[in-house]
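One-letter residues, chain by chain:
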Amino acid sequence: MSQINEKASPAYRQSYEIIREMIISGALPRGTKIVEEKLASELGVSRTPIRESIRKLEQEGLIKNKKVVNPSEKDLRNTFQVRILLEGYSARCAATYLHENELHLLKECVEIGRTGTIDEIMRANESFHEIIVQASNNPVMIEMIDRMQSIIYLFRRTVVYYNRPFLIDEHERIYDAIHARDGQTAELLMQQHLLADLEFCIHLLSDKKSI
């Protein structure tokens, strides 16, 4: 449903990204009541894309009962552990099913991760994981990961902006395992990679007392 809306309504996609960023950056503090009319006026759009954005952010766990949530460390860990399981399996699948052109795109993501700007690295990081997730060919798994996009974005932004050590080295090792068609190693490396993201972010976010 969300993918169809995103294609049909650029205003929805833009509104969703802006509101998500406002929540994660603290511009909309935890516990803040979400008022559709106010957000629509601030963003210069109708209430329809705002309503759709709120619905998606509710699915992703950042809004509950029209208020910005205050997720605990346990909430974040529980959600991310599901991602670790799903993306680990996806990496195993990728080693079997990815075509050469997709492998080439994965390699490009690694290269951009070493040489790109912050924004380019953010997009490359997203693409790297998206290519691997799609390789699962399992729409139920893909939808489950889609429902975690706000938490994934939070962690992605944190590891890139705060330059987590070995981030791109780990991407390259995952790529190498997939390219070698070694699914078992690819799965293990992906799980270790995401666990390292989790621990880095939890430590940093705990220090900052904010998401």
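Residues numbered from 1 in each chain as written. Predicted model: local features only at pLDDT ≥ 70, side-chain atom pairs only at ≥ 80, totals over all residues. Heavy atoms only, no water.

1. Notes on the nonpolar core
One finds Ile-23, Leu-98, Leu-106, Phe-128, Ile-132, Phe-155 and Ile-178 to be the most contacted residues of the largest nonpolar core, which totals 53 residues. Per-element accounting of this core gives the leading share, eight residues, to helix α11 (residues 183–208). Once residues within four sequence positions are removed from consideration, Leu-98 is found in contact with Leu-103, Leu-106, Ile-131, Ala-135, Ile-178 and Arg-181. Counting residues in each nonpolar core, the second largest holds seven residues, with Leu-86, Ile-142, Ile-145 and Ile-152 among its members. (Core = buried A, V, L, I, M, F, W, Y, C linked by side-chain atoms within 4.5 Å. Buried < 20%, exposed > 50% of the residue type's maximum accessible area, 1.4 Å probe, protein only. Helix = DSSP H or I, 4+ residues; strand = E, 2+ residues; numbered from the N terminus. Contact = heavy atoms within 4.5 Å.)

2. Side note on the packing of helix α5 (residues 73–97) against helix α9 (residues 149–161)
Any two packed helices are characterised by the angle at which their axes cross and by the distance between the axes. Taken N-terminus to C-terminus, the directions of α5 and α9 make an angle of 95°; their axes are 10 Å apart at the nearest point. With respect to each other, α5 and α9 are oriented roughly perpendicular. Of the residues in α9, those in contact with Leu-76, Thr-79, Phe-80 and Arg-83 of α5 are Ile-151, Ile-152, Leu-154, Phe-155 and Arg-156. Of the residues assigned to the contact of α5 with α9, the class counts are six nonpolar, one polar and two charged. (Axes fitted to C-alpha atoms, helices over the stretch in contact; angles between N-to-C directions. Parallel < 35°, antiparallel > 145°, perpendicular 65-115°, else oblique. Nonpolar A, V, L, I, M, F, W, Y, C, P; charged D, E, K, R; others polar.)

3. Describing the state of the cysteines
All told, the structure shown has zero disulfides when counted by the stated rule. Free cysteine Cys-109: the closest other cysteine sulfur is in Cys-93, separated by 19 Å. A residue is classified by how much of its surface remains accessible, and Cys-109, at 9% relative accessible area, is buried. (Disulfide = S-S within 2.5 Å.)

4. With respect to unusual backbone geometry
The phi torsion at Asn-65 lies on the positive side, around 55°, for a residue other than glycine. One non-glycine residue, Phe-166, adopts positive backbone phi at about 70°. With respect to the element layout, Phe-166 can be found in the loop between α9 and α10 (167–179).

Such coordinate-based values are descriptive only and should not be taken to indicate function.
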